[in-house]
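Each chain, letter by letter, is given below.
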Amino acid sequence: MSRTILVCVAWPYANSSLHLGHIAGTWLPADIFARYHRLKGNRVLMVSGSDEHGTPITVTAEQEKKSPQEIVDFFHRQHAEGLKALGISIDCYFRTSHPDHKRVAQDFFKELYDRKLIEERPSEAPYCPSCRRFLPDRYVEGVCPNCGALDARGDQCDRCGNTLDPSDLKNPRCRLCGQAPVFRETRLHYLLLSKMEKPLLDFLESRRGWRSSVVNLTRSWIKEGLHDRAITRDLSWGVPVPLEGFSEKSLYVWFEAVIGYFSATQQWARLSGQASAWKEFWEDPKTEAYYFIGKDNIPFHTIIWPAMLLGRGGLNLPANVPANEYLLVSGEKFSKSRGIGAKLNECLAEFDSDQIRYYLASIMPETSDADFSWDGFVSRNNDELLSVIGNLVNRVLALTQRTFGVIPQSGELSSDDRAALAAAERCARDAGLAIEQCEFKKALKEIYVLAQTGNQYVNAQAPWKLAKENPDRARTALHIAIRICRALIIYLSPYTPMMSQKAWAMMGFEAPVPNGVWDQALGPLPANQKLGAVGHLVKRIERDAKTGKEQAANL
RNA sequence: CGCGGGGUAGAGCAGCCUGGUAGCUCGCGAGGCUCAUAACCUCGAGGUCCUUGGUUCAAAUCCAAGCCCCGCAACCA
C-alpha cells in the first residue's frame, strides 16, 4: 500500500553560507529519506526554505552596509543553488519574506489568538537608545551577578553556566554599540504553552520509533513545566503582528519560521497548478510528516510547533523528528563566524556532489557528534566508494562490454548464483528497514556489504576465465553480476543519485532511474539489451598539496 | 547537584535496550587473482571494552560512585 510522506527540512538562516554541518545534519538525511520513499513508490513532498527575519539579519545588513532584503536575497539564492547542485530533491524551497508566507503566518497567529491560546501581556525589554532598537537577550552583555565574569550575556553566563535575564546583569551594555540599554515597558503576545502540557505529553507518548535523545529532551522540558512564551518582538524586520495597534511589532522568528513548512506546501500547490493539493499533506491523517533538524531545534519541533498545530487543530502532527547531533571539525563545532569547517559551495567547486554525499552519509551524526576530516573524506572516497562500489560496477560492465556488448542471457542458476542473489535480497530488506527508521549510516553499511558480496562473487566465478572455457557459464555469471550491480546502484541512489544515474545509463537503461523501482531492483534483466558507454563512476581524489592546503586552511 | 550525548584495536565506529568465546570499515603484514581506477579476493597481527565497586554461573552489556571529552540551555543544523 502506497504511503504519503511529507519531508520537512529545518530552514537555514539567510545571513551566511551553508556549511557541511547543515548538510550532514539535515539536508542529506532528508534527501536520502525522500529519495528512498520515491523509489518505494510512495508519494513524497519535500519542503523547506530560507529563514529571513530577525535581528541577526539586520545586524549583518548594517555591517555590510546593505539592506536586510539585499542580504536575504543574496543568501536565499546561494542556498537554493548550492542545494540544487548537491542534488537535494526538494519540491519547494520557499522563503519567509515572501508575501504569501507572511499571510499564512498571520492567519495562523489569528487562529490561535481567536482560540485564546495567545494572550497580550505587559513586559519589560532592554532597549538601546543609541541603536534605537530593542535588544534580544543575547545582545545584552554585562557583569555576571553570580560569578562576576565581565562578559556574561543576557541569556546566560558562559563562565558559571547560570541562566540569566538581561535585567540581572550589572553594568549592562549593548553588544552592538557598547552603550547602556534602558528597560522599557512594552506589550507582547504570549503563546500559552502552559495550557498545552497534557495534550503535548499525550502527543509525545503516542509517537513510535523516535530517537531516545529527542524523546528524553522533550519529556524533560514538559516535566519541568512549560512556560508561556513571548512570540512577538519589538522589531521592524519581520512579519507584522496582524492586530490593530501592533503592526509596528513582528512575530518572533521561531514562531513564524516553523509555519514555513505549512506555507511552503501551499506555495508548492499553487505553483503546481492545483491550489488545494496541499491538503493531502496536512489534513489527511494517514500522511506522515518527518522533520529533519539539528539537535538545537528539538524543542521548537517537538513542543512549540506541535503546540501550535494542536491549538489550531485539523493539521497533521509530526510523525517523527529525527534530529541529528553535530558535525565537528577536529572536535570543534562548525562556526559561521569563526570560519571553522568547510562551506558547501567551496566543496562543490572542488568535488562531485556524490563524493560529498557519500562521505557525509558515512559519518552522519545520528546518535552522537561526529568528526569531519579531509583525510577521512579522501579515504572513504578512494577506498570505499571508488575501489569497492564504483570498481565493481566498472569491472563487471567493462568485461561484459568487451565480451558480449549486451546484457547476456542467463542459463540455469548454480547454488553460488542463488546465494549471491539471496544476499542481495537480504541487503535490500535490511537497508530499506534502516532507512525507514532513519538509520542512514546503518543502511549504507548494508549496501556496502552488498558491493563486497558482488566482488566476492565475481572473484569466485572469474568470468574472464569462463569466457574462454565455458561461454554459457560466463553469460550466466555476468548476468547475475549485472543484476547485483543494478540492485546495488538502485539501493545506493538515495545516497549517490548522480553516480547511480550514470551507472544506470551504462547498463543501457533509459534515464532516469524510475520511481517505485526499489522492490524490482533484483528482478530479471532485459537480455540482449545493448550496454551504454562504460566509464569510471568515481573520481579519485589525490592526497596532494591541494587537499593539504585546504586542510590547513580549514582546520 | 541544570539537561543531553559520548569514552570499545593505530584511526573512525557498531554492539549495550533483550547479559553468553569482542565485531565492522579504513590502515598495516603475508598470499592469491589479473576483468577492473596500483583496483578486487583470502588469511593474519593488533583491544586491561575509561576507572572502581556491586548484581550474576556469566558483564562491553544491568546497577552505583568517580574521572575525562562534547553539545545544549529557548536567535548557530
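Residues numbered from 1 in each chain as written. Chains lettered and ligands numbered in written order. Predicted model: local features only at pLDDT ≥ 70, side-chain atom pairs only at ≥ 80, totals over all residues. Heavy atoms only, no water.

**Student:** For this particular structure, what's the right way to read unusual backbone geometry?
**Tutor:** It is generally the case that most residues other than glycine have a negative phi and that most peptide bonds are trans. Phi angles above zero are rare outside glycine, and C438 is one such case at about 60°. Despite not being glycine, A462 shows a phi value in the positive range, around 45°. In this fold, A462 is placed in the loop between helix 15 (440–461) and helix 16 (463–469). (Helix = DSSP H or I, 4+ residues; strand = E, 2+ residues; numbered from the N terminus.)

**Student:** What is the right way to look at the packing of helix 17 (residues 471–492) against helix 18 (residues 497–506) in this model?
**Tutor:** For any two helices packed against each other, the geometry is given by the interaxial angle and the distance between the axes. Where helix 17 contacts helix 18, the two axes come as close as 8 Å, and the packing angle between them is 155°. Judged by the inter-axis angle, helix 17 sits roughly antiparallel to helix 18. The hand of the helix 17/helix 18 crossing is left-handed. Residues R486, I489, I490 and L492 of helix 17 lie in contact with helix 18, whose contacting residues are M499, S500, A503 and W504. Across the contact of helix 17 with helix 18, the residue classes break down as six nonpolar, one polar and one charged. (Axes fitted to C-alpha atoms, helices over the stretch in contact; angles between N-to-C directions. Parallel < 35°, antiparallel > 145°, perpendicular 65-115°, else oblique. Left-handed = near helix turned anticlockwise from the far one by under 90°. Contact = heavy atoms within 4.5 Å. Nonpolar A, V, L, I, M, F, W, Y, C, P; charged D, E, K, R; others polar.)

**Student:** Explanation requested: the domain arrangement of chain A in the structure shown.
**Tutor:** Note on interface size: it is often stated as the accessible area lost on association of the parts. Taken domain by domain, chain A comprises domain 1 (4–107 + 252–347), domain 2 (117–233) and domain 3 (377–542). The C-alpha centroid of domain 3 is placed 35 Å from the C-alpha centroid of domain 1. The interface of domain 1 with domain 3 comprises 15 residues on the first partner and 18 residues on the second. In total, about 1400 Å² of surface goes out of reach between domain 1 and domain 3, with carbon and sulfur atoms giving 72% of it. At the junction of domain 1 and domain 3, the tally comes to one salt bridge. The salt bridge involving D519 is made with K40; its shortest N-O contact spans 3.2 Å. Listed by contribution, the elements that provide at least two residues to the side of domain 1 that touches domain 3 are helix 1 (20–39) and strand 13 (288–292). Looking at the side of domain 1 that touches domain 3, the element that brings in the most residues is helix 1, giving eight residues. Class assignment for the residues of the side of domain 1 that touches domain 3 results in nine nonpolar, three polar and three charged. (Domains from an automatic or database assignment. Buried area = accessible area lost by both parts, 1.4 Å probe. Salt bridge = Lys/Arg side-chain N within 4 Å of Asp/Glu carboxyl O.)

**Student:** Explanation requested: the packing of aromatic side chains in the structure shown.
**Tutor:** Aromatic ring pairs are described here by two measures, namely the spacing of the ring centres and the angle between the planes. For the coordinates displayed, the defined rule picks out 28 aromatic pairs. Ring geometry for W11 against Y261: centres 6.3 Å apart, planes inclined by 85°, an arrangement best described as edge-to-face. Of the two residues, W11 sits in the loop between strand 1 (4–9) and helix 1 while Y261 sits in helix 8 (residues 260–271), which places them 250 residues apart along the sequence. Here W11 matches Y261 in class, with each residue buried. A centroid spacing of 5.4 Å and a plane angle of 55° characterise the contact between F33 and F292, whose relative ring orientation is tilted. (Phe/Tyr/Trp six-rings, centres within 6.5 Å; stacked < 30°, edge-to-face > 60°. Buried < 20%, exposed > 50% of the residue type's maximum accessible area, 1.4 Å probe, protein only.)

**Student:** Can you walk me through the pattern of salt bridges in this structure?
**Tutor:** Once the charged atoms of two side chains with opposite charge are near each other, the side chains can pair. Evaluation of the coordinates by the stated rule reveals 28 salt bridges. Among the ionic pairs, D91 bridges to R38, the shortest N-O distance being 3.8 Å. Of this pair, D91 sits in the loop between helix 3 (68–85) and strand 3 (92–95) while R38 is found in helix 1, placing the two residues 53 residues apart along the sequence. The exposure class of D91 is partly exposed, given its relative accessible area of 36%. Salt bridges linked by common partners bring D100, R103, D107 and R270 together as one network.

**Student:** Can you help me understand the environment of I363 in this one?
**Tutor:** Structurally, I363 is set in the loop between helix 12 (353–362) and strand 16 (370–372). Classification of I363 as buried rests on a relative accessible area of 12%. Along the sequence, I363 and D202 sit 161 residues apart, while their C-alpha atoms lie 34 Å from each other. What I363 contacts, discounting residues up to four positions off in sequence, is L327, A370, D371, F372 and K441.

**Student:** Please clarify how the confidence of the model for chain A should be interpreted in this entry.
**Tutor:** In low-pLDDT regions, the fine details of the predicted coordinates are not to be read closely. Looking at chain A as a whole, its pLDDT mean stands at 88, while 92% of the residues score no less than 70. No element of chain A has a lower mean pLDDT than helix 19 (residues 545–554), at 45, and none a higher one than helix 9 (residues 279–282), at 98. Confidence drops under pLDDT 50 across residues 545–555; counting only partners more than four residues distant or on other chains, this segment forms 15 contacts. With a pTM of 0.93, the predicted complex shows an ipTM of 0.90. (pLDDT = per-residue confidence, 0-100.)

**Student:** What's the story with the environment of Q461 in this structure? I'm lost.
**Tutor:** Residue position: Q461 is located in helix 15. Taking C-alpha positions, Q461 is 9.7 Å from A481, a pair spaced 20 residues apart along the chain. What Q461 contacts, discounting residues up to four positions off in sequence, is D416, D417, L466, R473 and A477. A polar side-chain atom of Q461 sits 3.2 Å from a polar atom in the side chain of D416. Within the local environment of Q461, its side chain forms a polar contact with the side chain of R473, the two groups lying 2.8 Å apart. (Polar contact = N/O pair within 3.5 Å; in protein donor to acceptor, adjacent residues only side chain to side chain.)

**Student:** Where do I start with the nonpolar core in this structure?
**Tutor:** In summary, soluble globular proteins display a tendency toward joint burial of nonpolar side chains. L360, Y491 and Y495 are the most contacted members of the largest nonpolar core, which has 102 residues in total. The biggest single contributor to this core is helix 17, with 14 residues. Formed jointly, this core draws a minimum of three residues from each of two domains, domain 1 (4–107 + 252–347) and domain 3 (377–542). (Core = buried A, V, L, I, M, F, W, Y, C linked by side-chain atoms within 4.5 Å.)

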